[in-house]
Amino acid sequence: MDPELARLRRRTADRVALATAMPVGPTLVAELIRLKAEPMAAETAVEVHALWGKVIAWSSAQQMIATSVAVTGIRGHLNLPPGEAAMLAAQEIACATHVAYATAMTQVALVDRVSDCLPASWMALDRGDLSLAHLKAINKVTHNCPARVAQAVDDQIVPLAVERGWTASETARAAEKLVIATDPKGATDRAGAAKKSADVRAFPQPDGMSTIVAHGPAERAQQIMSAVHGRSESMGRAGDDRSVGERRFDALYDLVLGARDGRETKGRVETQVRLDLTTYLGMNDHPGELVGYGPITAEAARLIAADSTLRRMITDPLTGACIDLGLRSYRPSAALRRAMEASNPTCGMPGCSRPAHTCEADHREERRDGGRTDLQNLSPRCKMHHQMKTKKRWKVDVNPDGTETHTSYLGYTYTKQPSYFPLPDPLPVEDEPPAEIADRLPEAFDPDPPCSDEPLPESPALTEEQYETMARAVDM
């Protein structure tokens, strides 16, 4: 490399290091703009990318402030109730930013909810510690909860997400656990009410295609997907070389309407649930986890665990380590893999949320280097990340506490933090009827829901004077 270019890159790296220490705001933005034209190495560019991410989060927080001020100003100026003021503000924002009214209304509703019961998420967004995607994930999980429950979850989940560097999806899964742990009875009530919104819809698509969307109880959805995956794999082993997606759709078709051409391609249906020992024994109501879906209520987890056709994974309530695998439901030759999946619910690569049961079993210490095929040396790794490790694109080191530190091709290190964390005691039950949540439950998956069949009310009759005034206006 040219010595002068190397010197310039080192100078840029020093400036980026100083920028990293700046609080997010206009000064940091100005410095990043000045750095845009400077020569930099790839690893320095990654740091600049991360800083711009903090700026984007901060700017989203500033936009939310403007939205809140707009709603408050319209409400105060016109003396309108909050709902009407929000609608007017959304229409103004939609026109000013060239977005659909529904999109603007969603933004206004998010600001209202955040200001009401998610202050910790907003402050993390303003600092650039969490992205807007994180805030939306927390809001989605807590949307149907009473304000006190949502705020309690917000206060607990934000420090965890920042400290452990969770992605938005990892944050959502942890928040779901906290919702159930904080308000177990309310979670059960909401889960029961949500089942009433179950539905299956079909939406026409171009080129002779259609999209089917099914919305229903998580455990049944996972059983359906397990059956679809199993049948699709059987079709592949039988010589069907079409894409995985094509096989899956035909597998679903077969399962609903019967096997094609008399061929039996049905795969084994398996659903896995994780729950800690005290919850399994009914001593508390900590949330369980439906593998491939996420947290579920203790009641639902115990029902699944009691079904001998399904698979249970009992964990230690203090450490999250697997202590029972329901050995009756699978062959001993698969026991080690099941234990690995029970201890590590997702791919071991930081930021990858692919479920462990769809991953490959990777030897943390390579076999040729003396690595053993046991639970301590096995980690789930999706096919892509397994290949990256095998080809030495990334280096993986096992820490004394059992976590993994991943070193990237550019020399950066990332530690995969555990998904398990101690759960709080439930909030005290208030002596008041449960909040009505029907108005907050999501509509069926129709992006353009049909209008009510009820006819619009008749317009009031015009007086003769009003009629003559309108007639003169038309003539003009």
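Residues numbered from 1 in each chain as written. Predicted model: local features only at pLDDT ≥ 70, side-chain atom pairs only at ≥ 80, totals over all residues. Heavy atoms only, no water.

Engineer: Can you help me understand the overall build of the protein in this one?
Structural biologist: Across its full length, the protein carries 17 helices and 12 strands. Taking all 476 residues of the protein together, 37% fall into the buried category. (Helix = DSSP H or I, 4+ residues; strand = E, 2+ residues; numbered from the N terminus. Buried < 20%, exposed > 50% of the residue type's maximum accessible area, 1.4 Å probe, protein only.)

Engineer: Would you take a moment to explain helix H2 (residues 26-35) for this structure?
Structural biologist: At 3.6 residues per turn, the α-helix brings residues three or four places apart onto the same side. Looking only at H2, the buried set comprises Leu28, Val29, Glu31, Leu32 and Leu35. One side of H2 carries all its buried residues, which in axial view fall inside an arc of 165°. H2 presents Pro26 and Thr27 as exposed residues on the side facing more than 90 degrees away from its buried surface. On the buried face of H2, the contacting elements are helix H1 (3-20) and helix H3 (42-78). (Arc of directions from axis to C-beta. Contact = heavy atoms within 4.5 Å.)

Engineer: What should I look at first to understand the sheet that holds strand S10 (residues 395-398) in this one?
Structural biologist: Where strands meet in a sheet, backbone hydrogen bonds hold them as pairs that are either parallel or antiparallel. Read across the open sheet, the three strands follow the order S10-S11-S12; overall the sheet is antiparallel. At either end of the open sheet lies a strand with only one pairing partner, and these are S10 and strand S12 (413-416). Within this sheet the neighbouring strands show an average axis-to-axis angle of 25°, counted without direction. Judged from the four bridges that link them, strand S11 (residues 404-407) and S12 form a sheet pairing that is antiparallel. By the bridge assignment, threonine 407 is partnered in S12 with threonine 413. (Pairing = 2+ DSSP bridges. Axes fitted to C-alpha atoms, helices over the stretch in contact; angles between N-to-C directions.)

Engineer: Explanation requested: the packing of aromatic side chains in the structure shown.
Structural biologist: Any pair of aromatic rings gets described here by the distance separating the centres and the angle formed by the planes. With the rule as written, the count across this model stands at two aromatic pairs. Judged by centre distance (6.0 Å) and plane angle (50°), the rings of tryptophan 166 and phenylalanine 421 are tilted. Here phenylalanine 421 lies in the loop between S12 and helix H17 (464-475) and tryptophan 166 lies in the loop between helix H8 (147-164) and helix H9 (168-182), a separation of 255 residues in the sequence. Residue class for tryptophan 166 comes out buried when judged on its relative accessible area of 7%. (Phe/Tyr/Trp six-rings, centres within 6.5 Å; stacked < 30°, edge-to-face > 60°.)

Engineer: Explain the packing of H3 against helix H6 (residues 119-127) here, please?
Structural biologist: Each pair of packed helices gets described by two things: the angle between the helix axes and the distance between those axes. Where H3 meets H6, the closest approach of the two axes is 6 Å, and the angle between their N-to-C directions is 125°. Comparing the axis directions of H3 and H6 gives the class oblique. The residues of H6 that touch H3, namely those facing Lys54, Ala57, Trp58, Ser60, Ala61, Gln62, Met64 and Ile65, are Trp122, Leu125, Asp126 and Arg127. (Parallel < 35°, antiparallel > 145°, perpendicular 65-115°, else oblique.)

Engineer: Could you clarify how one ought to interpret the nonpolar core in this entry?
Structural biologist: The nonpolar side chains of a soluble globular protein tend to be buried with one another. Counting residues in each nonpolar core, the largest one holds 31 residues, and the members touching the most others are Ile157, Val158 and Trp166. Contributing elements (two or more residues each) for this core: H3, helix H5 (101-117), H6, helix H7 (132-142), H8 and H9. Counting residues per element, this core draws most heavily on H8, at seven residues. Residues contacting valine 158, with those up to four places away along its chain left out, are Ala120, Ser121, Ala124, Leu130 and Ile138. (Core = buried A, V, L, I, M, F, W, Y, C linked by side-chain atoms within 4.5 Å.)

Engineer: Whenever I open this one, the pattern of salt bridges confuses me. Can you help?
Structural biologist: Pairs can form between side chains of opposite charge once their charged atoms are near each other. Per the stated rule, a full pass over the model turns up 23 salt bridges. The salt bridge involving lysine 416 is made with glutamate 170; its shortest N-O contact spans 3.5 Å. With lysine 416 in strand S12 and glutamate 170 in helix H9, this residue pair connects regions lying 246 residues apart in the sequence. For lysine 416, a relative accessible area of 14% corresponds to the buried category. Arginine 201 serves as the salt-bridge partner of aspartate 199, at 2.8 Å between the closest nitrogen and oxygen. Put simply, Asp362, Arg364, Glu366, Arg381, Lys389 and Glu404 are held in one network by salt bridges that share partners. (Salt bridge = Lys/Arg side-chain N within 4 Å of Asp/Glu carboxyl O.)

Engineer: Just checking my understanding: could you explain the side chain of threonine 279 for this structure?
Structural biologist: Relative to the helices and strands, threonine 279 is located in helix H13 (residues 277-280). Judged by relative accessible area, threonine 279 falls into the buried class, the value being 0%. Here asparagine 284 takes part through its side chain, which lies 2.5 Å from a polar atom of the side chain of threonine 279. Here histidine 286 takes part through its backbone nitrogen, which lies 3.3 Å from a polar atom of the side chain of threonine 279. Excluding anything up to four places from it in sequence, threonine 279 contacts Asn284, Asp285, His286, Ala298 and Arg302. (Polar contact = N/O pair within 3.5 Å; in protein donor to acceptor, adjacent residues only side chain to side chain.)

Engineer: So what exactly am I meant to see when it comes to the side chain of histidine 134 here?
Structural biologist: By the element assignment, histidine 134 lies in helix H7. There is a polar contact of 2.7 Å between the side chain of histidine 134 and the side chain of serine 131. Not counting residues up to four positions away in its chain, the partners in contact with histidine 134 are Trp166, Thr167, Ala168 and Thr171.

Engineer: Sorry if this is basic, but what is going on with the pairing of strand S1 (residues 199-205) here?
Structural biologist: Here is the key point about a regular strand: its side chains alternate between the two faces of the sheet. With seven bridges joining them, S1 and strand S2 (residues 209-215) adopt antiparallel strand pairing. Note that in S2 the partner of arginine 201 across the bridge is valine 213. Hairpin connection from S1 to S2: three residues lie between these consecutive antiparallel strands, with aspartate 207 at a positive phi of about 65°.

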